[in-house]
Amino acid sequence: MEKFTIDGIVIRTSVTGEADRIAWVLTRDRGIIRAFAKGARGTKSRLHGGTSLFAYCNFSFTEKNNAYNISEAQVKEVFFDLRKSMETLTLAQYFCEVIAKAIPEKCYEEVYLRLLLNSLHLLCKSDKHELLIKSVFELRLVSVAGYMPSVVACENCGEYLTDIMYFNCQTGELFCSSCGKQHLLPAVPSSVVSAMRHICFSDFSKIFSFELPEDMLLLLNRLTENYLRSALGQEFKLLSYLSEINKY
Ligand SMILES: [Zn+2]
């Protein structure tokens, strides 16, 4: 039996037994661990809070024959303010669902945990627009997962920037105002192209540091969401729920 402790955040839970819980934990550098938490649904259990959705903890795991148990969960952050609105809560759940589907198998990079923690912190505390947080999360995530779009220059002629460019959400290719006209693609103003480049290429500490007016954020959000669905080849049921409950 192996014992180890590691930081991680609960991205999904399910119930089992009379009072037990199964938690999917995105760990710092061991990918996603699916673990059994005995008695964790009991309100007096010392594992109750630490194995709830969005709990960020220092976990103690035991592992035997690829089956994991949680023996301790020292809570560092519970992201309580995610519950401030149904939209915020659903967005946070969507981030967790995307993470679960996007991480390549046996991928032990820390960047996924950092991206999720930063996104959840901003949803809780900042006055940043939720669409900005969502677009950054989506585009940076697919980029680090191996699907970075080709947004450096026009795919056809190499032109760096024109007032209007065109983005193919299926292939991740960008075209200038001349080359893009022949394709039936969404027109993208240069400010949104610059935002996409910023999200893909800037230092991790700066990825959320830009501003766009709300109409441009709406466009950016449509592009990043469609590109993510296409790149991952997945549909996310929470997205249709989000578009039903929010005003966008
Ligand atoms: Zn061109």
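Predicted model only: the values in this text are computed from it and were never measured. (Residues numbered from 1 in each chain as written. Predicted model: local features only at pLDDT ≥ 70, side-chain atom pairs only at ≥ 80, totals over all residues.)

1. So, the overall build of the chain
Alright, step 1. Counting its regular elements, the chain contains seven helices and eight strands.
Alright, step 2. Over its C-alpha trace the chain gives a radius of gyration of 20 Å, about what one expects of a compact globule, namely 18 Å for 248 residues.
Alright, step 3. Taken along its principal axes, the extent of the C-alpha atoms in the chain is 65 × 35 × 30 Å.
Alright, step 4. Burial analysis of the chain (248 residues in total) assigns 33% to the buried set. (Helix = DSSP H or I, 4+ residues; strand = E, 2+ residues; numbered from the N terminus. Rg over C-alpha atoms; globule rule 2.2 N^0.38 Å. Buried ≥ 20, exposed ≤ 12 C-beta atoms within 10 Å, placed from the backbone.)

2. Structural notes on the sheet that holds strand β8 (residues 187–189)
Alright, step 1. Judged by pairing direction, the sheet is antiparallel, and its three strands sit side by side in the order β7-β6-β8 without closing on themselves. Looking at the sheet topology across the chains shown, the edges are occupied by β7 (173–175) and β8. Between one strand axis and the next, the sheet turns through 40° on average, direction left out of account.
Alright, step 2. Sheet topology note: the strand β6 (residues 164–168)/β7 ladder contains three bridges and is antiparallel. Considered in β7, the bridge of N168 is made with E173. (Pairing = 2+ DSSP bridges. Axes fitted to C-alpha atoms, helices over the stretch in contact; angles between N-to-C directions.)

3. Examining helix α5 (residues 190–201)
For an α-helix the count is 3.6 residues per turn, leaving residues at separations of three or four pointing the same way.
Alright, step 1. Over its twelve residues, α5 extends 16 Å from the first C-alpha to the last, a length consistent with the 16 Å expected when each residue adds 1.5 Å.
Alright, step 2. Turning to α5, its buried residues are V192, V193, A195, M196 and I199. The buried residues of α5 all sit within an arc of 160° when viewed along its axis, so they share a single face.
Alright, step 3. Buried residues along α5 sit in contact with α3 (130–147), β6, β7, β8 and α6 (214–232). (Expected span 1.5 Å × (residues − 1). Arc of directions from axis to C-beta. Contact = placed C-beta atoms within 7 Å.)

4. A closer look at the environment of K84
Alright, step 1. Of note, K84 is situated in the loop between β5 (67–77) and α1 (86–102).
Alright, step 2. Judged by C-beta crowding, with 11 C-beta atoms within 10 Å, K84 ranks as exposed.
Alright, step 3. When the C-alpha atoms of K84 and K3 are compared, they prove to be 37 Å apart, with 81 residues separating the residues in sequence.

5. Considering the packing of α1 against helix α2 (residues 111–125)
For any two helices packed against each other, one specifies the inter-axial angle together with the distance between the axes.
Alright, step 1. Relative to each other, α1 and α2 sit at 175°, their axes nearing to 11 Å. Between α1 and α2, the crossing angle belongs to the class labelled roughly antiparallel. On α2, the residues touching T88, L91, A92, F95 and I99 of α1 are Y112, L116, S119, L120 and L123.
Alright, step 2. Within the contact of α1 with α2, the residues separate by chemical class into eight nonpolar, two polar and no charged. (Parallel < 35°, antiparallel > 145°, perpendicular 65-115°, else oblique. Nonpolar A, V, L, I, M, F, W, Y, C, P; charged D, E, K, R; others polar.)

6. Remarks on unusual backbone geometry
Alright, step 1. Of note, the phi angle at N65 is positive, near 50°, even though the residue is not glycine.
Alright, step 2. With respect to the helices and strands, N65 occurs in the loop between β4 (56–64) and β5.
Alright, step 3. Residue N65 is classed as exposed on the basis of its C-beta count, with 5 C-beta atoms lying within 10 Å.
Alright, step 4. Non-glycine residue F79 carries a positive phi angle of around 50°.
Alright, step 5. Relative to the helices and strands, F79 is located in the loop between β5 and α1.
Alright, step 6. Looking at F79, the number of C-beta atoms within 10 Å reads 20, which means it is buried.

7. Some details on the packing of α5 against α6
Alright, step 1. Viewed as axis vectors pointing N to C, α5 and α6 meet at an angle of 55°, and their least axial separation amounts to 10 Å. With respect to each other, α5 and α6 are oriented oblique. Judged by the sense of rotation from one axis to the other, the crossing of α5 with α6 is right-handed. Across the interface between the two elements, S191, V192 and A195 of α5 pack against M216, L219 and L220 of α6.
Alright, step 2. In terms of residue class, the contact of α5 with α6 is made up of five nonpolar, one polar and no charged. (Left-handed = near helix turned anticlockwise from the far one by under 90°.)

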